Amino acid sequence: MDELKEKALKYHSMGGVPGKVSVVPTKPCQTADELSLAYTPGVAKPVLEIEANPEDAYKYTSKGNLVAVISNGTAILGLGDRGPLASKPVMEGKGVLFKRFADIDVFDIELDVKDPKKIIEMVKAMEPTFGGVNLEDIKGPECFEIEQALIEQCDIPIFHDDQHGTAIISTAGLLNATEIVGKRLSDIKVVVNGAGAAGISCAKMFVAAGVDPSHIVMLDSKGVIYKGRTAGMTKEKREFAIDTDMRTLEEAIRDADVFMGLSVADCVTPEMLNSMAKDPIVFAMSNPNPEIPYEVAVATRSDVIMATGRSDYPNQINNVLGFPFIFRGALDVRASSISEGMKMAAAKALAALAKEPVPEVVRKAYGGKDFTFGRNYIVPKPFDPRVIEWEAVAVAKAACEEGIALHPITDWEGYQKSLAERMAHYWE
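For clarity, every value in this text was computed on a predicted model and none was experimentally measured.

The next thing to look at is the pattern of salt bridges. Charged atoms that come close allow side chains of opposite charge to pair. As enumerated under the stated definition, the model contains 27 salt bridges in all. A salt bridge links aspartate 312 to arginine 310, with the nearest nitrogen and oxygen atoms 2.6 Å apart. When its relative accessible area of 47% is taken as the criterion, aspartate 312 is described as partly exposed. On the accessibility criterion, arginine 310 (22% relative accessible area) is partly exposed. Among the ionic pairs, arginine 363 bridges to glutamate 360, the shortest N-O distance being 3.0 Å. Taken as a pair, arginine 363 and glutamate 360 lie in helix α16 (residues 360–365) at a separation of three residues, close to a single helical turn. For arginine 363, a relative accessible area of 21% gives the class partly exposed. Residue glutamate 360 is classed as partly exposed on the basis of its relative accessible area, which comes to 41%.

Okay, structure coming up:
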């Protein structure tokens, strides 16, 4: 048994309690009187209050701080379709991250269903339970249909993290990387290798940030997505089809300023990297092995800004920098959805925080290593306690400005302070 497997399996089973999450009551139930309040007959009183005024569910139940993490296991991490039961460790893991980084409670729900319409129907039926829904590890193109239908049908935030989480953190990194090398977003050529949920969402968000859509070359397993191509095309891919004679990654990457990899390991050669423009920005996100190994990339080009999905290299594009704090801000103002403006606010907040001096608590979390804004530090670290204060506030503000917050905040300084206080014991 390899070392990682042994450590991971021991972690998930240690202490005689299988798994990573549990349900803990928030009210005392030690006496007969408390029992009568927790359940019958006392529980009838909030039932009647909620029936009369549904908003009171947020006053008398955990709905407002409870997120559903829902998957059918058809696209688990980089492992593909392993089924809903096998996805449970990942969904429990998301619950751990929601709680650890944003103090949000989670029920993980694994659905033994592949039909998008049935998934939509089932999640919609569960809407009364939750304050928000995080869709996870559902393969494309079904994930697009499921998310869009639920956004239209539900009055709570719906967020497919595989799409938007990667896009938000990557956009933050792109904003800073282009600033460091002195390139304008409107001028750069971007190659997106991988046209799944994350690739499509990254391309869309790059355009929203200022990249010219005609400067984006997208590829899937069949090569360049060009106008007139019919093989393997979807509605989402057609949005990025361009007029070009390029057909291969080798052709597409030539003179590119940015390579965004959401595909497979080792598909980029040193020769391809050398053909890119000056100061190339390479986000090689394939896990656990990136599209080009980090050591190979930095040895090939001394001017490269390199990011991966791995924690053992600089510039980790880690979704945990996004979803906990985005939901925190959305839940706290009772946002009815998570808008494009809220996502961009999150990306810009992360980009701005990376420019701030790093406190000692962050250095301690990473073995005493120091971090300074530059080529090897373009996004904040997950174990930076300031992330929630910057990102959740930015998301909540965007929701209020867009008029989709049912409980707008006016005292932003007080809200930021409350977030720091709420999370303080996690950093002790």
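Past the structure itself, the notes keep going.
Turning our eyes to something else, we now look at a negative patch on the surface. On the surface, Asp245, Glu250, Glu251 and Glu271 cluster together to form a negatively charged patch. Tracing the backbone shows aspartate 245 in the loop between α10 (235–238) and α11 (249–252).

Once that is clear, we can look at the pairing of strand β9 (residues 281–284). Walk down a regular strand and you will see the side chains alternate between the two sheet faces. Side chains Ile281 and Phe283 project from β9 onto one buried face, and the interleaved Val282 and Ala284 project onto a second face that is buried too. With four bridges joining them, strand β8 (residues 258–261) and β9 adopt parallel strand pairing. Across the sheet, the residue bridging to glycine 261 is alanine 284, located in β9. As paired strands, β9 and strand β10 (residues 305–308) are joined by four bridges and run parallel to one another. Looking at the pairing, valine 282 lines up with methionine 306 of β10. Each parallel crossover has a hand, and for β9 linked through helix α13 (residues 294–300) to β10 it is right-handed.

Before going further, it helps to spend a moment on the packing of aromatic side chains. Under the definition given, this model contains twelve aromatic pairs. Relative to phenylalanine 383, the ring of tyrosine 366 lies with its centre 6.3 Å away and its plane at 65°, an arrangement referred to as edge-to-face. Pair noted here: tyrosine 366 is in the loop between α16 and α17 (387–401) and phenylalanine 383 is in the loop between α16 and α17, with a separation of 17 residues, a long-range link. The exposure class of tyrosine 366 is partly exposed, given its relative accessible area of 25%.

The rules behind these values
- Residues numbered from 1 in each chain as written.
- Predicted model: local features only at pLDDT ≥ 70, side-chain atom pairs only at ≥ 80, totals over all residues.
- Heavy atoms only, no water.
- Salt bridge = Lys/Arg side-chain N within 4 Å of Asp/Glu carboxyl O.
- Buried < 20%, exposed > 50% of the residue type's maximum accessible area, 1.4 Å probe, protein only.
- Helix = DSSP H or I, 4+ residues; strand = E, 2+ residues; numbered from the N terminus.
- Patch = residues over 30% accessible without salt bridge, like charges linked within 9 Å, V, L, I, M, F, W, Y side chains within 5 Å.
- Areas by Shrake-Rupley, 256 points an atom, 1.4 Å probe, with all protein chains shown as cover.
- Lys, Arg positive; Asp, Glu negative; His and termini not counted.
- Charge placed at Lys NZ, Arg CZ, Asp CG, Glu CD.
- Pairing = 2+ DSSP bridges.
- Right-handed = clockwise from strand over helix to strand, strands pointing away.
- Phe/Tyr/Trp six-rings, centres within 6.5 Å; stacked < 30°, edge-to-face > 60°.

Keep in mind these values describe shape, not function.
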